[in-house]
Amino acid sequence: MAKDGKTLNLRIQPHHIMLRRRPKGMPKAYFDRIIGGGSRGGLLIWLSISLLFLAYAYAIFGLLYMYRAAAVPQYWVLVFIGLLVSSSLVLDVGKRRIASAFATELAASHGFVCLECGYSLVGSEDGGTCSECNAPINLGLIRTTWYEYFPATLDRCTAEARGDAG
Ligand SMILES: [Zn+2]
């Protein structure tokens, strides 16, 4: 469970979020959660990107200052590093929160979640289309994709389902 979503999160770098450009092959449903906001994790991600922009602005300010005064105060580098480090830490916490919320949703739908929009497809048929976004439903692809990224969550689901049946 702890590692679930980690491979997805590792691939999402700040520039993907800033440019809203999804890493290649990443399910849109997941990336939309990262950039979509509207959750506590989303708020942390927004905060992290803001800190990063602040670090950039601070760097430019520092360079201009150096150009004029030839040297920056010693604390300048510390503040810059502090902004970078805190941005990265906050991003990490935000991504982990989103992964864990997503895992809960996947578990509730037994992994049957639209790859495009994240809508629960429980009750929909294989070969049909998502009632939310009209994406074609390929059950096999959906299962293997989510299983690749959230194996512990989906194994737990399967185990529970077996327990209920037996
Ligand atoms: Zn959909």
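Provided above is the structure to which this section pertains.
Residues numbered from 1 in each chain as written. Predicted model: local features only at pLDDT ≥ 70, side-chain atom pairs only at ≥ 80, totals over all residues.

Engineer: Would you take a moment to explain the overall build of the chain for this structure?
Structural biologist: Secondary structure summary: the chain contains seven helices and zero strands in total. Counting from the amino terminus, the chain carries its helices and strands in the arrangement α-α-α-α-α-α-α. For the chain, the C-alpha radius of gyration of 20 Å lies well beyond 15 Å, the compact-globule estimate for 166 residues. Summarising its shape, the C-alpha atoms of the chain cover approximately 75 × 30 × 25 Å along the three principal directions. Here the chain holds 166 residues, and 24% of them are scored as buried. Partitioning the contacts of the chain with sequence separation of at least 6, the portion at a separation of at least 24 is 59%. (Helix = DSSP H or I, 4+ residues; strand = E, 2+ residues; numbered from the N terminus. Rg over C-alpha atoms; globule rule 2.2 N^0.38 Å. Buried ≥ 20, exposed ≤ 12 C-beta atoms within 10 Å, placed from the backbone. Contact = placed C-beta atoms within 7 Å.)

Engineer: Please explain helix H3 (residues 28–36) as it appears in this structure.
Structural biologist: The periodicity of an α-helix, 3.6 residues per turn, causes residues three or four places apart in sequence to face the same way. Taken as a whole, H3 has its buried residues at Ala29, Tyr30, Phe31, Arg33 and Ile34. In the segment just after H3, Gly37 is the residue with positive phi, at about 70°.

Engineer: What is the right way to look at the nonpolar core in this model?
Structural biologist: As a rule of thumb, soluble globular proteins bury nonpolar side chains together. Counting residues in each nonpolar core, the largest one holds 28 residues, and the members touching the most others are Tyr30, Ile34, Phe102, Leu106, Val113, Trp146 and Phe150. Put simply, the parts of the chain that give this core at least two residues each are H3, helix H4 (40–69), helix H5 (75–108) and helix H6 (139–149). Ranked by residue count, the leading element in this core is H5, at seven residues. For Phe150, the contacting residues outside a window of four places in its chain are Asp4, Gly5, Ala103 and Leu106. (Core = buried A, V, L, I, M, F, W, Y, C linked by C-beta atoms within 7 Å.)

Engineer: Sorry if this is basic, but what is going on with the environment of Met66 here?
Structural biologist: Note on placement: Met66 falls in helix H4. Taking the C-alpha atoms as reference points, Met66 and Ala99, 33 residues apart in sequence, are found 42 Å from one another. Residues in contact with Met66, not counting those within four places in the same chain, are Ala71 and Val72.

Engineer: I would appreciate a short explanation of the environment of Glu105 in the present structure.
Structural biologist: Here Glu105 lies in helix H5. Here the alpha-carbon distance between Glu105 and Leu91, two residues 14 residues apart in the chain, equals 21 Å.

Engineer: So what exactly am I meant to see when it comes to the packing of H4 against H5 here?
Structural biologist: Between two packed helices, what matters for the description is the angle formed by their axes and the separation of those axes. Two elements in contact, H4 and H5, have axes whose closest approach is 8 Å; the angle formed by their N-to-C orientations is 160°. When the interaxial angle is binned, H4 and H5 end up roughly antiparallel. Read as a crossing pair, H4 and H5 show a hand that is left-handed. Residue composition of the contact of H4 with H5, grouped by class: 19 nonpolar, six polar and two charged. (Axes fitted to C-alpha atoms, helices over the stretch in contact; angles between N-to-C directions. Parallel < 35°, antiparallel > 145°, perpendicular 65-115°, else oblique. Left-handed = near helix turned anticlockwise from the far one by under 90°. Nonpolar A, V, L, I, M, F, W, Y, C, P; charged D, E, K, R; others polar.)

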